[in-house]
Amino acid sequence: MTMTEPVTVVGAGVDRVEGPHKVSGTAAYPSDVSYPGMAYAALVRSTVASGRIAVLDTTAAEAMPGVLTVITHRDAARLAAGPTTSIGPAPPPPMQDDLIRHHGQYVAVVVAQTRQQAATAARAVTVSYRAEPTAALDDTELRVDPFGTDVTRGDTAAALATAEVVHEATYRTAENTNNPLGLFTTVAVWAGDTVTVHDSTQWTSNTRATVAAVFGLPEEAVRVYAKYVGGGFGAGLRVWPHVLLAVLAARTVGRPVTLTLTRPEMFTGVGHRPDTVQRLRIGARRDGTIIAIDHEATQTVAVADENTEPVAAASATAYACPNVTARDRQRRRHIPCPGSMRAPGEAQANFALESALDELAYKLGMDPLELRLRNDAEVHPESGLPWSSKALRDCYAVGARRFGWSRRDPRIGAMRDGRWRVGFGVAGVSYPWWQVPCRARATVSRDGTAYVRSAATDIGTGTYTVMRQLSAELLGLRLDQVRFDLGDSRMPAAPQAGGSGLTGALGNAVYAACQALVRAVLDLVTTDTQSPLHGCTMDDVMVNGGRLHHRGDARRGESFAAILDRHGLYELTADGTSAPPDPQQIGMAPAGAFAAKFVEVHVDPDLGLVRVPRVVSAVDGGRILNEKLARSQVVGGTVGGIGQALLEETVTDPDTGRIANATLGDYLIPVNADIGEVDVVFVGGPDRTTPIGTKGIGEVGLPGIAAAIANGVYHATGTRIRSLPITLDQLL
Amino acid sequence: MDRDDGGTPTGPTATEAALTVNGIAHHLRLDARVTLLDALRDEIGLVGTKKGCDQGACGACTVLVDGRRVLSCLTLAAQCDGREVTTVEGLADGGRPHPMQEAFVRHDAFQCGFCTPGQIMSAVALLRERRAASDDEIREFMSGNLCRCGAYPNIVAAIREVAGQGVG
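Turning our attention to the sheet that holds strand 24 (residues 553-559) of chain A. Residues and elements named next belong to chain A. The antiparallel open sheet is built from three strands, whose spatial order is 22-23-24. Of all strands in the sheet, those with a lone pairing partner are strand 22 (541-544) and strand 24, marking the two edges. Between one strand axis and the next, the sheet turns by 35° as a mean value, whatever way the strands run. Inspection of the sheet shows strand 22 paired to strand 23 (residues 547-550) by four bridges, in the antiparallel sense. In the sheet register, N544 faces strand 23, and the bridge partner there is R547.

Rendered as structure tokens:
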């Protein structure tokens, strides 16, 4: 069987299918879920970064009106560790001892009849600490190659020694906080030895597995819903301590409990992008051929936790370069646990590498775009295998044309717009490929409609929409004949909405499920002498218009409905799975997305203000399932990149470990007026790795923006900023 | 503050407020600390209005009070005694969505959708304030509504389209 020939459903700019719910206020996020008799939980957090709890007095809080219980480490149940996942170990379970590892660690949870009573009582819990000396924010441990991803290729030292031109510099990126607008919420409802959890998660299957492991339950006893999630950007990839505390609180009070984090708690409790210090050395020949890259990145990590975030490793596959060393280091600090944030690792690494390339271009007297083209990796630099798809050259060509790169005056500070100095900046992105297994299930009913589902989540990425489109195409049905559902851990297990991996993993599982379903329908008719499809094999048939018919003769076929009806079936169901391919087996290096980013930067010479009136992103995202929604993804990543470049910095007080700007009034993210014209164009074609031909595009929109802005700032002013965010004080 | 068995607040911090929400009169007996946002969500059950910060910094909780946009997290419910409140649930005309709601879907002016009710309430007010004459003006006067998914260009496009239709 092949897919339907006229591709009409996929690719089309179909409106977001859940859109009407979101604009009318009827989409129920976890914080909108309520149960009769539901109680409210509030958290008490530590006010030191390191030490032990000396006094923890809950008497006053317990006596306050409406308070049902106050749980501390003294009476919290012993909780088992959650399972290790594809992104590393679970965070340590909460409130198991009196040890404080970071400022903002949970030390008590208050449960009361109302939200106001819980919040007020939480403030009445008295805690004092035997704090460690303040200098103890830094732990002594420096972890070497913590992810096992370090790369040594060729002889970098020798190549640098003989290089005609060497650029060496250190780049820094600030800690950033994900800050999805939806305050993370967990609602937990026990019934006997089973528990239902509504959670702000990007991964229902993992929340289920973790709650089951921590509370000693079989997985079937835990059901996790995440129908709507108010954004994640990586914050919902791990099962954070508050989730477990909500489940524990509900068991303790014997009532449904809802726990919504406050915005300040969102800075300490659901991860952040770790800061980095990166040393880059690049050696090149006079003609611009890069012969050596040495990239060492040191990031921070919390005490007693892990965060899988390779940074430097990406530099090993970004350019054709025979001699590479890429090394990652982690320095432990008494800080809240980091976690993934949109384009984890890549967001930081790309700023360093693509800034360094720009600096090298000036040293060589080359156009920065030309330097990138000269060093384009035509095959995968580590394995030597051909890419499964790569249209990065087209990204540069198409992006440059749309942007008007040829209008760039190469001289520093030569371009003006009134009093503003104007700079053009460019950066390239080679996003790593990542995929994990996924399952999906497809059902066709006697009324001719289909229902396809998986335990995946849609955090705003468009999964509901594109999977419905894909299912409709694969089953030869109209969009309105297909329902796609997700966000329920009882559905077939799905991986996280993260790592730009879900659309590929889920899409191929949906492909497999729909294929298996068509095969199951064909199995009914191929031995059925009454059927016009008698004797047909999968190669003989195709689906279209709700019918299975012979490829050579559309009249020779019948509808799903007729087939089920004649066989006395109400419905027919089939499962599908997808698994990442083995590159050696397929003889290709599976490619992630590629992109070229072009920005126009305006700098006020007197005030140091930086504006970005125009961005062009040309993206090779493989096959695009829905151009309208895909564009939104890249626009959103661009906005995130502008935030990383110019605004976002989580500031930790070095003396106390307290985050000094843990509100949306103090931690700046882009507002509408910060964003100018954002142009997105998709180039390239379907990727050859998998049947559906997609490449993930959830993250490729962000990296490259910060470097392109820094490069534009240099072009405009001659000031090289090697530390994010680029703030006006650095330009005065 | 205690609640009696029926869940009604009693005691010294109890207060009362009579407010009209989306044309329906509500007589609430409230804990005086309850914000308009929490009253809408927890007392009246209108959860379309979202809490994104509870500190007046994100705009997700924007509603109209007597036709003006306000941050319902910084407004006490008791302050709205005698006032008319409009939330995202009150925008549709019968079964027909408000043109701004339709434009937001058409222009994909959201992703996760969490800030969307606040964006739409702000956008509707913006037209009434006659502050949608240009893209720059829309950007400026929509800057109190954060969108972390970064849908700003599409939000501007949606508002521009509705403003151009002269619908408010």
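Residue and element names in this part refer to chain A. With seven bridges joining them, strand 27 (residues 610-620) and strand 28 (residues 677-683) adopt parallel strand pairing. Following the sheet pairing, V615 is matched in strand 28 by V678. Handedness of the β-α-β unit built from strand 27, helix 15 (residues 627-646) and strand 28 comes out right-handed.

Glancing now at the confidence of the model for chain B. Summary statistics for chain B give a mean pLDDT of 93 and a share of 92% for residues scoring 70 or more. Complex prediction metrics read pTM 0.97 and ipTM 0.97.

Residues and elements named next belong to chain A. For G51, the position within the fold is in strand 2 (residues 51-57). The class of G51 is partly exposed, set by 19 C-beta atoms lying within 10 Å. Taking the C-alpha atoms as reference points, G51 and Y129, separated by 78 residues in sequence, lie 6.6 Å from one another. Excluding residues within four positions of it along the chain, G51 makes contact with I100, Y129, R130, A131 and E132.

With that settled, the discussion passes to the packing of helix 11 (residues 463-475) of chain A against helix 12 (residues 502-526) of chain A. All names here are of chain A. At a minimum axis separation of 10 Å, helix 11 and helix 12 run at an interaxial angle of 30°. Taken as axis vectors, helix 11 and helix 12 run roughly parallel relative to one another. As helix 11 runs across helix 12, the sense of the crossing is right-handed. Facing helix 11, whose interface residues are T463, V466, M467, L470, S471, L474 and L475, helix 12 presents L502, T503, L506, G507, V510, Y511 and C514.

Side chains that are nonpolar tend, in soluble globular proteins, to be buried together. Residues and elements named next belong to chain A. Counting residues in each nonpolar core, the largest one holds 281 residues, and the members touching the most others are A41, V110, A249, C395 and I709. By residue number, the principal contributor to this core is helix 12, which donates 14 residues. Contact partners of C395, with chain neighbours within four places excluded, come to F594, A595, A596, A618, V619, D620 and V683.

Residues and elements named next belong to chain A. Secondary-structure assignment places T325 in strand 16 (residues 323-333). Here T325 falls in the buried class, since 22 other C-beta atoms lie within 10 Å of it. Sequence separation between T325 and W240 is 85 residues, and the spatial gap between their C-alpha atoms is 34 Å. Beyond its immediate chain neighbours, meaning those up to four positions away, T325 contacts V151, T152, T156 and D294.

A few words now on the sheet that holds strand 25 (residues 571-578) of chain A. All names here are of chain A. Across the sheet, which stays open at both edges, the four strands sit in the order 21-20-19-25 with mixed pairing between neighbours. Only two strands of the sheet have a single partner each, and these edge strands are strand 21 (482-485) and strand 25. This sheet shows a mean twist of 15° between the axes of neighbouring strands, independent of strand direction. Looking at chain direction, strand 19 (residues 438-445) and strand 25 are connected through eight bridges and run antiparallel. Paired with A442 across the strands is A574, a residue of strand 25. Most of the contacts of helix 11 go to strand 21, to which it runs at about 140°, and overall it touches strand 19, strand 20 (450-453) and strand 21.

Below, the discussion takes up the interface of chain B and chain A. Every contact between the two is made by 51 residues of chain B and, on the other side, 51 residues of chain A. At the level of elements, strand 1 (2-3), helix 1 (36-44), helix 2 (99-106), helix 3 (116-128), helix 4 (135-141) and helix 5 (152-164) of chain B are the ones that each hand at least two residues to the side of chain B that touches chain A. Element by element, the count of residues in the side of chain B that touches chain A is highest for helix 5 of chain B, at five residues. Residues of the side of chain B that touches chain A, tallied by class, amount to 26 nonpolar, eleven polar and 14 charged.

A word on unusual backbone geometry. Omega for the peptide link from A:L724 to A:P725 comes to -5°, which places this bond in the cis form. Of note, the phi angle at B:D66 is positive, near 50°, even though the residue is not glycine. Take B:D66: it is sitting in the loop between strand 5 (62-65) and strand 6 (68-71). In this structure B:D66 comes out as exposed when scored by C-beta crowding, with 12 C-beta atoms within 10 Å. Phi at B:D108 is positive, roughly 50°, even though this residue is not glycine.

Within helix 3 (residues 115-123) of chain A, seven of the nine residues are buried, which leaves it mostly tucked inside the rest of the structure. Buried residues in helix 3 of chain A make contact with strand 1 (39-45), helix 2 (59-62), strand 3 (67-72) and strand 5 (106-112) of chain A together with strand 4 (24-31) and helix 1 of chain B.

Time to look at the packing of helix 2 of chain B against helix 5 of chain B. Residue and element names in this part refer to chain B. For the pair helix 2 and helix 5, the least separation of the axes is 8 Å and the interaxial angle reads 140°. As summarised for this structure, helix 2 and helix 5 are arranged oblique, according to the angle between their axes. Between helix 2 and helix 5 lies a crossing of right-handed hand. Of the residues in helix 5, those touching helix 2 at P99, M100, A103 and F104 are A158, E161 and V162. Here the residues of the contact of helix 2 with helix 5 sort into six nonpolar, no polar and one charged.

Criteria and cut-off values
- Residues numbered from 1 in each chain as written.
- Chains lettered and ligands numbered in written order.
- Predicted model: local features only at pLDDT ≥ 70, side-chain atom pairs only at ≥ 80, totals over all residues.
- Pairing = 2+ DSSP bridges.
- Helix = DSSP H or I, 4+ residues; strand = E, 2+ residues; numbered from the N terminus.
- Axes fitted to C-alpha atoms, helices over the stretch in contact; angles between N-to-C directions.
- Right-handed = clockwise from strand over helix to strand, strands pointing away.
- pLDDT = per-residue confidence, 0-100.
- Buried ≥ 20, exposed ≤ 12 C-beta atoms within 10 Å, placed from the backbone.
- Contact = placed C-beta atoms within 7 Å.
- Parallel < 35°, antiparallel > 145°, perpendicular 65-115°, else oblique.
- Left-handed = near helix turned anticlockwise from the far one by under 90°.
- Core = buried A, V, L, I, M, F, W, Y, C linked by C-beta atoms within 7 Å.
- Nonpolar A, V, L, I, M, F, W, Y, C, P; charged D, E, K, R; others polar.

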